[in-house]
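# Coordinates in review
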Amino acid sequence: MKPRPFGYTRPESVAEALAALAAPDVEAKVLAGGQSLVPLMSIRLAWPDLLVDINRLTELSYVMVTDGYVRVGAVARHAEVLASPAAAAAQPLLRKALRFVAHPAIRNRGTTVGSIVHADPAGEMPAVLAVLAGTVCVASLAGLRSIPAEDFFLGPLESAVQPGEIATEVRFPVLAGPAVGTGFAEVSRRRGDYAVCGVAVTAWLAPDGRIGGGKAAYLSVGPSPVVLDLTEAVAGAAADAVSFPAAASLARARLEPRSDLHATAGYRRQLAAVLTERALVEALAEARETAAA
Ligand SMILES: Cc1cc2nc3c(=O)[nH]c(=O)nc-3n(C[C@H](O)[C@H](O)[C@H](O)COP(=O)(O)OP(=O)(O)OC[C@H]3O[C@@H](n4cnc5c(N)ncnc54)[C@H](O)[C@@H]3O)c2cc1C
């Protein structure tokens, strides 16, 4: 199929883009990397009147680490975030998760901010933002606002970004302290496919070197990233353990995935349990390394 006819504009500044998005009686949509929007238009699940292409907004093309955040501008590609040594050092979870996002050709074009606004429940970066409790900065003609991750994901392909708004930046908190680590694990049918189930984890050590707590955000098990506090299941356990059956049981008990063409709910629940343990092992190894450094 082909998209319905649509208008197209390529502004040179954020102010111009916001003016185009605010045109009356026109359903305008931001075009970033186009890796999700264009396929949806081609199968006529989206039919905007006007595409506002933000790719010339070079002021939003950055990946930087300042004020306790990795700040990713709206035009930064997944590949740029993945390749940034500063971002990887400040928040290792970004690189761990981005490696699983699609294939290099899609990462070269798709944007990290776009994938968060797109709010696909199978997307890796929404789960990363959720587990890190990051923030999305949004601009409109009415001004600026920041939306915490917990209020950002409203449902499948639905975020808190409103018509007329541009998500200008996403802020991922940097690794918080010397005894904190992160892990990411997922299973997909083929490398680069959307995950059947995946999990992003942060875990931290107590002063005695045992586990202080942990938190997980799951993808592909609900309409949005599902965040679970793992602390009750892991606190006090040895940080070099190779399995965490209580955390696996907690994931199995609390998650309510659905069956679909790709997997049954039971299989997804089992995957979530196993992947929680794998991601915890990775996160705790990092926490022990940073504590020892
Ligand atoms: C074959 C294939 C496999 C893929 N596999 C994966 C995968 O495994 N994991 C994964 O996470 N993703 C995957 N993707 C999607 C990819 O990550 C996209 O890059 C991402 O979902 C959307 O980013 P984009 O920049 O292309 O956004 P676009 O497609 O341009 O836009 C997506 C939506 O977000 C809105 N939007 C985008 N940016 C902004 C902004 N700054 N402000 C306001 N609204 C905005 C658009 O209006 C649109 O509604 C895959 C895509 C393809 C084609």
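Residues numbered from 1 in each chain as written. Predicted model: local features only at pLDDT ≥ 70, side-chain atom pairs only at ≥ 80, totals over all residues. Heavy atoms only, no water.

### What about the overall build of the protein?
- Along its length, the protein carries 12 helices and 14 strands.
- A compact globule built from 293 residues should have a C-alpha radius of gyration of about 19 Å, and the protein, at 19 Å, falls within 12% of that.
- In terms of its C-alpha atoms, the protein occupies a principal-axis envelope of roughly 60 × 45 × 30 Å.
- Counting the 293 residues in the protein, one finds 52% classified as buried.
- Long-range pairs, those at least 24 residues apart, make up 62% of the contacts in the protein with a sequence separation of at least 6.
- For the protein, the exposed surface amounts to about 13300 Å²; the carbon and sulfur share of it is 55%.
- Here the protein contributes 27 positive and 28 negative side-chain charges, whose respective centroids are spaced 7 Å apart. (Helix = DSSP H or I, 4+ residues; strand = E, 2+ residues; numbered from the N terminus. Rg over C-alpha atoms; globule rule 2.2 N^0.38 Å. Buried < 20%, exposed > 50% of the residue type's maximum accessible area, 1.4 Å probe, protein only. Contact = heavy atoms within 4.5 Å. Areas by Shrake-Rupley, 256 points an atom, 1.4 Å probe, with all protein chains shown as cover. Lys, Arg positive; Asp, Glu negative; His and termini not counted. Charge placed at Lys NZ, Arg CZ, Asp CG, Glu CD.)

### As for the site of the ligand
- Around the ligand, a shell composed of 31 residues is seen, among which Val-30, Ser-36, Leu-37, Thr-111 and Glu-124 lie nearest.
- At 2.7 Å, a backbone N or O of Leu-37 approaches an oxygen atom of the ligand.
- In the model, a nitrogen atom of the ligand is placed 2.7 Å from a nitrogen or oxygen of the Glu-124 side chain.
- For the ligand, whose accessible area on its own is 960 Å², the fraction buried by protein is 88%.
- Among the secondary structure elements, those contributing two or more residues to the shell around the ligand are β2 (28-31), α7 (112-118) and β10 (166-173).
- Of all the elements, α7 adds the most residues to the shell around the ligand, at five residues.
- Counted by class, the shell around the ligand contains 15 nonpolar, 12 polar and four charged residues. (Near = heavy atom within 4 Å. Polar contact = N/O pair within 3.5 Å; in protein donor to acceptor, adjacent residues only side chain to side chain. Nonpolar A, V, L, I, M, F, W, Y, C, P; charged D, E, K, R; others polar.)

### Topic: the domain arrangement of the protein
- Domains assigned within the protein are domain 1 (7-53), domain 2 (58-173) and domain 3 (180-292).
- When each unit is reduced to the centre of its C-alpha atoms, the spacing between domain 1 and domain 2 is 19 Å.
- Every contact between the two is made by 14 residues of domain 1 and, on the other side, 14 residues of domain 2.
- Of the roughly 1100 Å² buried where domain 1 meets domain 2, counting both sides, 74% is carbon and sulfur surface.
- A per-residue breakdown of the area domain 1 buries against domain 2 is headed by Val-14, Leu-18 and Gln-35, which together make up 44% of the total.
- The interface formed by domain 1 and domain 2 contains zero salt bridges.
- If you look at where domain 1 meets domain 2, you find zero residue pairs in polar contact (both at pLDDT 80 or more). (Domains from an automatic or database assignment. Buried area = accessible area lost by both parts, 1.4 Å probe. Salt bridge = Lys/Arg side-chain N within 4 Å of Asp/Glu carboxyl O.)

### Considerations on the nonpolar core
- Formed by 55 residues in total, the largest nonpolar core has its most connected members in Leu-94, Ile-116, Met-125, Val-128 and Phe-172.
- When residues of this core are assigned to their parent elements, the largest contribution, seven residues, is made by helix α8 (residues 124-132).
- Setting aside chain neighbours within four positions, we find Ile-116 in contact with Met-125, Pro-126, Leu-129, Val-136, Phe-152, Phe-153, Val-170 and Phe-172.
- Judged by nonpolar contacts, the second largest core, of 30 residues, contains Val-221, Ala-247, Leu-255 and Leu-284. (Core = buried A, V, L, I, M, F, W, Y, C linked by side-chain atoms within 4.5 Å.)

### Considering the pairing of strand β13 (residues 211-219)
- In terms of burial, β13 is a largely internal element, seven of the nine residues being buried.
- In the sheet, strand β12 (residues 197-205) pairs with β13 via eight bridges, with the strands oriented antiparallel. Residue Thr-202 lies in a different strand from β13, and its bridge partner there is Lys-215.
- Between the antiparallel neighbours β12 and β13 lie five residues, among them Gly-209 with a positive phi of about 90°. (Pairing = 2+ DSSP bridges.)

### Overview of the packing of helix α11 (residues 245-254) against helix α12 (residues 265-292)
- For the pair α11 and α12, interaxial distance at closest approach is 8 Å and the crossing angle is 145°. In this structure, the crossing between α11 and α12 has a hand that is right-handed. Taking contact as the criterion, the partners of Pro-245, Ala-247, Ala-248, Ala-251 and Arg-252 in α11 are, on α12, Arg-269, Gln-270, Ala-272, Ala-273, Thr-276, Glu-277 and Leu-280.
- Looking at the contact of α11 with α12, its residues break down into seven nonpolar, two polar and three charged. (Axes fitted to C-alpha atoms, helices over the stretch in contact; angles between N-to-C directions. Left-handed = near helix turned anticlockwise from the far one by under 90°.)

### A word on the sheet that holds strand β7 (residues 143-148)
- The sheet built from five strands is open, its strands ordered β4-β5-β10-β6-β7 with antiparallel pairing. Each edge of the open sheet is held by one strand with a lone partner, namely β4 (63-66) and β7. Each strand of the sheet is rotated relative to its neighbour by a mean of 25°, with strand direction disregarded.
- Here six bridges tie strand β6 (residues 135-140) to β7, and the two strands are oriented antiparallel to one another. Within β7, the position partnered with Val-138 by the bridge is Arg-145.
- In the packing of α8 onto the sheet, contacts are made with β6 and β10, and the angle to β10 comes to roughly 55°.

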